[in-house]
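If you want the building blocks of each chain, they are given just below.
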Amino acid sequence: MSKIIIKPMENEAEMQGKARVHYQSWQETYRGQLSDEYLDQMSFEKCLAITRRWPERTIVALDGDTVVGFACYAPY
């Protein structure tokens, strides 16, 4: 049984993992609900740029060294 750890995102590997989860989850969840044109313009690179913009406002869920989820927050 794996143990999921939730922690602040701290390094490049975690940023890459968060971006991968962000990209894949949008492609799998919203295909057929949002336009293909919108989803096709969303790339891993764009998700990584978003990740790098506010790394201090992101927590990740890790299964071992693999990011399996994330949450972002802001002081609104």
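Keep in mind that what you see is a predicted model, and the values were worked out from it rather than measured. (Residues numbered from 1 in each chain as written. Predicted model: local features only at pLDDT ≥ 70, side-chain atom pairs only at ≥ 80, totals over all residues. Heavy atoms only, no water.)

*Asks:* Hey, could you run me through the overall build of the protein chain in this one?
*Replies:* When helices and strands are tallied, the protein chain shows three helices and three strands. Written out in order from the N terminus, the α and β elements of the protein chain read β-α-α-α-β-β. For the protein chain, the spread of C-alpha atoms along the principal axes amounts to about 35 × 35 × 25 Å. Counting every position in the protein chain, which comprises 76 residues, the buried fraction comes to 28%. A sequence separation of at least 24 residues applies to 61% of the contacts in the protein chain between residues at least 6 apart. Of the roughly 5,400 Å² of accessible surface on the protein chain, a fraction of 55% belongs to carbon and sulfur atoms. Across the protein chain, the mean location of the 9 positive side-chain charges is 5 Å away from that of the 11 negative side-chain charges. (Helix = DSSP H or I, 4+ residues; strand = E, 2+ residues; numbered from the N terminus. Buried < 20%, exposed > 50% of the residue type's maximum accessible area, 1.4 Å probe, protein only. Contact = heavy atoms within 4.5 Å. Areas by Shrake-Rupley, 256 points an atom, 1.4 Å probe, with all protein chains shown as cover. Lys, Arg positive; Asp, Glu negative; His and termini not counted. Charge placed at Lys NZ, Arg CZ, Asp CG, Glu CD.)

*Asks:* It is not clear to me how a nonpolar patch on the surface should be interpreted in this structure. Could you clarify?
*Replies:* On the surface, a cluster of nonpolar side chains totalling about 280 Å² of accessible area is made up of Ile4, Ile6 and Val68. Along the chain, Ile6 falls in strand β1 (residues 4-8). The class for Ile6 is exposed, based on a relative accessible area of 61%. (Patch = residues over 30% accessible without salt bridge, like charges linked within 9 Å, V, L, I, M, F, W, Y side chains within 5 Å. Salt bridge = Lys/Arg side-chain N within 4 Å of Asp/Glu carboxyl O.)

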